[in-house]
Amino acid sequence: MKRSSDSEGEKRRKRRKLLQELGDQKIPFLGPSDGGYQQLWDASYSGLALRRSPSLPAGLHARVQAALFTLRRKGCLLRDLVRIRERDVLTAVSRALLGEPGHTYRYLDTRLFAIPWHSEAGEVKGRRCCDPDFRAACQALCELNGFFCSDVPLLKEGDRLAHCAKGEADAKRGEEGDAGSKHSDDSRNSEGGDSESRQSEEGDAESKHSEEWDSESKHSEEGCSGSKQEGGWETESKASSEEGEACRVRQSQAGVAEGSQHDEGKLPGGAEVKPAAPNAREKAVAQLKHSLSDHHLEDRERQAGGQGCSQPSPRQVDSGPVEFNVTLLNYMDPAAMSQLKEEPYYGMGKMAVGWHHDENLVTHSPVAVYSHSCHSDKGESSEGGSGEKACWRIGLKVAWDIRTPGLTLPLESGDCYYMRDDLNSTHQHCVLAGESARFSSTHRVAECSTGTLTYIQSRCREALSNLHADPETGSHSLLALLPTTLRHCEEIHNEVEFEWLRQYWFQGQRFARFCSWWTGPMEQLEKDWKLMETMTLLFLDTVEEEEVGQEAEGRRDLAEILLSALIDRQQQRQTWRDRCHSSLARTLPPEEAPVDWPFWGADDANMPLPFDLADIINRVESLLWRM
């Protein structure tokens, strides 16, 4: 999932050049009140489905919303300290992970440990890891998860159209053949992934990323920023009132590149466009659009079939039954989120969450989202505000494509939307802030092949199977000294320490505070890890022994394997120490601040090896020099 620094650097250089050349232009986007909205949805966003609030089972709203407020009241929703381009940043969104017992979800170098659903079927008799209110809240979200698992595969195209009747009615009020084009007067700020907006390092010419982003993705951003277009295709939008359609502003837009599939006088959604007089600027822009499309195709060539995201609609994927295994709960309050950034490419409005793909999911798996908008101080729900921009909206765009107009989807409280087929991989989405606070419960099929408690416990058993304990003396010895076996054990050693123990404690006391489910398993993982420290000591003793019958070549192989593992361990320990003691980490309350653990002093007799491995690394390096 991680990209190489060379690949990231090359994409930044290409993006910088494109942004410099494209200059002050905006890409069109459509909302429900624009003509051609439904056609655009069908043609380019067919993987998106909407279920309106009234169509959910009776009573489910009340239980889910009560659960969301319970978890927030107990302080369970917290900002994450994530890693972006070698820097730690706090997410602007407060969140918590719920899911199948023992599951985790990893994003932006941060592993979240799921609070279990506490479903009755999964409850262990006599074991209580949290209070009844907390458990009831988790069970309500488990009920919602079950509904999504059964509903997402059943919601067909006709259902989506029926549930979008309100949006279609609004669209018919628009002028036939007009494409609503949107515009923002400022904003040279670009988005992040599914997190909170990252700071761009690509120069003054490129749109700047905010330092606080809510990203779950390291996928690249693309587009242009500015306020006016000087050529290309021109679209016309209907001026609308602040009361009903506040997000409509007349604007000239960047349209379709020369030679593209949309050059016949219409946008993909069927909206009429008027070609402006050609000039040198237009030709340059058209060439750059073509170049950007090519760059997108190159970026996406790893996708099956070699299709790029500029295809008019995602291909249908037969995903079969859906088993959402986690939900990421988010709480966003625009009043508490300072300096919300303008959406830079389309002028859609203020972003609470920047453009991103959801990451670390099973390929082509769907995502289901429940949205609840809180009431304002006056007791009014957000959908009662003035116009679309008063409510929360989802923005969507085809990734690496500046020819297809974007789409916005307003959400009333209790609405659900599904991203199905390959929509999440071929498109990006953002969250556009409304006027009131909002909860969302985002249900996912997390890729957990290496992210469950069962998995890491099995890995521990693999490593420890090479350790023998004398039943009489309690002394330890290694059963096998094969290079492949020892390398495998050291890899597991590092995985347990850096992907589990340090990830767990880096998030402070948050898990034990609300639910003690993880406490016992993490204590056992630490005991297993300590035995692996003993195995490394035995490995070191084997390498340093100079027995007459030991082959020099085999001994050298063992020394090189050990040295590589020790260097990696030393570097990662220092990185985690720096993160735990960073200036940003010190701003967090004690119960949320990172804990630098495991850590021990040089004189700790209970530990087989020192925390600082510098001296041992020097010993092994010297040994290799002498061989």
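Preceding block: the structure.
Described in the following lines is the structure provided in the data block. Not measured: the values here are computed from a predicted model.

About the cut-offs
- Within each chain, residue numbers correspond to sequence positions counted from 1 in written order.
- Where totals are concerned, whole chains, interfaces and linings use all residues; where local detail is concerned, this predicted model gives features only for residues with pLDDT of at least 70, and gives and counts side-chain atom pairs only at 80 or more.
- Hydrogens and water molecules were not included; the side-chain quantities draw on all heavy atoms of the structure.
- Both site types are read off a 1 Å grid over the protein atoms alone. A 1.4 Å probe that fits but cannot get out defines a cavity, while an open set with protein on both sides within 12 Å along at least five of seven lines defines a pocket; lining residues have an atom within 4 Å of a point.
- Grid points are joined across faces, edges and corners, and a volume is the space filled by probe spheres set on the points.
- Secondary structure elements are taken from DSSP: a helix is a run of H or I of four residues or more, a strand is a run of E of two residues or more, and numbering for both begins at the N terminus.
- Think of it this way: a Phe, Tyr or Trp ring, Trp meaning its six-membered ring, pairs with another when their centres are within 6.5 Å, and the plane angle makes it stacked under 30 degrees, edge-to-face over 60, tilted otherwise.
- Type-normalised accessible area, obtained with a 1.4 Å probe on protein chains alone, sets the label of each residue: buried when under 20%, exposed when over 50%, and partly exposed for intermediate values.
- Take the residue count of a helix, subtract one, and multiply by 1.5 Å to get its expected span.
- Definition of a polar contact: a pair of N or O atoms within 3.5 Å, with one able to donate and the other able to accept a hydrogen when the atoms are protein atoms, and with sequence-neighbouring residues admitted only if both atoms are side-chain atoms.
- Put simply, a salt bridge is a Lys or Arg side-chain nitrogen that is within 4 Å of an Asp or Glu carboxyl oxygen.
- Only C-alpha atoms enter the line fits that serve as axes; for helices the fit covers just the stretch in contact. Angles between N-to-C directions range over 0 to 180 degrees.
- Reported orientations rely on four angle classes, namely roughly parallel under 35 degrees, roughly antiparallel over 145, roughly perpendicular from 65 to 115, and oblique for the rest.
- By definition, any crossing whose near helix is turned counterclockwise from its far helix by less than a right angle is left-handed, and any crossing with a clockwise turn is right-handed.
- Residues are treated as being in contact if the distance between any of their heavy atoms lies within 4.5 Å.
- Note that Gly is not counted as nonpolar here; it falls among the polar residues with everything else outside the nonpolar set of Ala, Val, Leu, Ile, Met, Phe, Trp, Tyr, Cys and Pro and the charged set of Asp, Glu, Lys and Arg.

1. Concerning empty space enclosed by the protein
Applying the stated criterion to the full structure yields six cavities of 30 Å³ or more. Forming the boundary of the second largest cavity are Cys 76, Asp 80, Arg 95, Ala 96, Leu 97, Leu 112, Phe 113, Ile 115, Gln 507, Arg 510, Phe 511 and Phe 514. Contributing elements (two or more residues each) for the lining of the second largest cavity: strand S4 (87-99), strand S6 (110-113) and helix H11 (510-514).

2. Considerations on the packing of aromatic side chains
With the rule as written, the count across this model stands at 17 aromatic pairs. Aromatic pair Phe 113 and Tyr 504: ring centres 5.3 Å apart, planes at 90°, arrangement edge-to-face. Of this pair, Phe 113 sits in strand S6 while Tyr 504 sits in helix H10 (residues 483-506); the two residues are 391 residues apart in sequence, bridging distant segments of the chain. The residues Phe 113 and Tyr 504 share a single accessibility class, namely buried. Relative to Phe 439, the ring of Tyr 331 has its centre 4.8 Å away and its plane inclined at 50°; by these criteria the two rings are tilted. Highlighted residues: Tyr 331 in strand S12 (residues 326-332) and Phe 439 in strand S20 (residues 438-444), separated in sequence by 108 residues.

3. Focus on helix H4 (residues 132-151)
Along its 20 residues, H4 runs 29 Å from first to last C-alpha, staying within 8% of the 28 Å computed at 1.5 Å per residue. Listed as buried for H4 are Phe 134, Arg 135, Ala 137, Cys 138, Ala 140, Leu 141, Leu 144, Asn 145, Phe 147, Phe 148, Cys 149 and Asp 151. A side-chain oxygen of the first residue of H4 lies 3.0 Å from the backbone nitrogen of Asp 133; this N-cap is Asp 131.

4. Description of the pattern of salt bridges
According to the stated counting rule, one finds 22 salt bridges in the structure shown. Between Arg 502 and Glu 497 there is a salt bridge, with its nearest N and O atoms 2.9 Å apart. Judged by relative accessible area, Glu 497 falls into the buried class, the value being 0%. Across the salt bridge formed by Arg 502 and Asp 596, the nearest N and O atoms sit 3.8 Å from each other. Of this pair, Arg 502 sits in helix H10 while Asp 596 sits in the loop between helix H13 (552-580) and helix H14 (614-626), placing them 94 residues apart in sequence. On the basis of relative accessible area, Arg 502 is assigned to the buried category, the value being 2%. Via salt bridges that share partners, Glu 497, Arg 502, Glu 533, Arg 573, Arg 577 and Asp 596 belong to a single interconnected network.

5. Description of the side chain of His 357
Residue position: His 357 is located in the loop between strand S14 (350-356) and strand S15 (367-373). Among the polar contacts made by the side chain of His 357, one reaches the main-chain carbonyl oxygen of Asn 424 at a distance of 2.7 Å. At 2.8 Å, the side chain of His 357 and the backbone oxygen of His 427 are in polar contact.

6. Some points on the packing of helix H3 (residues 60-73) against H4
At a minimum axis distance of 8 Å, the contact between H3 and H4 shows a crossing angle of 135°. Viewed along their axes, H3 and H4 adopt a mutual orientation that is oblique. At the point where H3 passes H4, the crossing takes the left-handed sense. Here H3 contributes Leu 60, Arg 63, Val 64, Ala 67, Leu 68, Thr 70 and Leu 71 to the contact with H4, which in turn contributes Asp 133, Phe 134, Ala 137, Ala 140, Leu 141, Glu 143, Leu 144 and Phe 147. When grouped by side-chain class, the residues that make up the contact of H3 with H4 number 11 nonpolar, one polar and three charged.

That's the geometry; what it means functionally is another story.
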